[in-house]
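Summary of the model geometry
Below, each chain spelled out in residue letters.
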Amino acid sequence: MEKKLEKTDLDQFIGTEHYYKYLGIMLTDGVKYLAEVGKAFWLLNIIASYQTGEIKDVPFQVWTLKVNIEKQTGVVTMKEDTDEPNLVTQSLDYTDFPLSEISLWLIAGILILPSEY
């Protein structure tokens, strides 16, 4: 039986021991775990795909995925900081991501869970 990602699984990640190169960005242990267990490499693909043009010059990026679990739809957003307007908004017609919300931070090209900061 496959493990299903739960929010509490991510609480164990504070700091990282390894970095993993992925589509031009670096991932921490926690983000790699999120992608593998949550089957969310597609989310990393979205984040990496925006790292061109003006977005790549934003040194601190707050990426958020909000999922409507019942409808299996979602929205990915990115802003420079929590109090700033969205610079990216991408709707998802379908997602089976198991959590209703997750935030990731991209700091100087390294994608981390907020608990790993």
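First, a word on what this report is: a plain description of the structure on this page. Bear in mind that the values here come from a model prediction, so they are computed numbers and not experimental data.

Here we come to the pairing of strand E4 (residues 73-79). Pairing between strand E3 (residues 60-68) and E4: seven bridges, direction antiparallel. Bridge pairing in E4 links Val62 to Lys79. The hairpin turn running from E3 into E4, its antiparallel successor, is four residues long, and Gln72 in that turn takes a positive phi close to 55°. The pairing of E4 with strand E5 (residues 86-92) spans six bridges and is antiparallel. The residue of E5 that forms the bridge with Lys79 is Asn86. Counting the residues that bridge the hairpin from E4 to E5 gives six residues.

Glancing now at the pattern of salt bridges. Per the stated rule, a full pass over the model turns up two salt bridges. Between Glu36 and Lys32 there is a salt bridge, and its shortest N-O distance comes to 2.9 Å. Residue Glu36 and its partner Lys32 are located together in helix H1 (residues 29-37), separated by four residues, close to a single helical turn. For Glu36, a relative accessible area of 43% puts it in the partly exposed group.

Within the secondary structure layout, Ser103 lies in strand E6 (residues 101-107). Under the relative-accessibility criterion, Ser103 is labelled partly exposed at 21%. With 101 residues separating them in the primary sequence, Ser103 and Glu2 have C-alpha atoms 23 Å apart. A polar side-chain atom of Ser103 sits 3.3 Å from a polar atom in the side chain of Thr64.

What follows is about H1. An α-helix turns once every 3.6 residues. As a result, residues three or four positions apart point the same way. Among the residues making up H1, those that are buried are Asp29, Gly30, Val31, Tyr33, Leu34 and Ala35. If you follow the buried residues of H1, they end up packed against strand E1 (20-22), strand E2 (25-27), helix H2 (41-49), E6 and strand E7 (110-112). Among the residues trailing H1, Lys39 stands out with phi positive, at a value near 50°.

Here is what the cut-offs are and how they apply
Residues numbered from 1 in each chain as written. Predicted model: local features only at pLDDT ≥ 70, side-chain atom pairs only at ≥ 80, totals over all residues. Heavy atoms only, no water. Pairing = 2+ DSSP bridges. Helix = DSSP H or I, 4+ residues; strand = E, 2+ residues; numbered from the N terminus. Salt bridge = Lys/Arg side-chain N within 4 Å of Asp/Glu carboxyl O. Buried < 20%, exposed > 50% of the residue type's maximum accessible area, 1.4 Å probe, protein only. Polar contact = N/O pair within 3.5 Å; in protein donor to acceptor, adjacent residues only side chain to side chain. Contact = heavy atoms within 4.5 Å.

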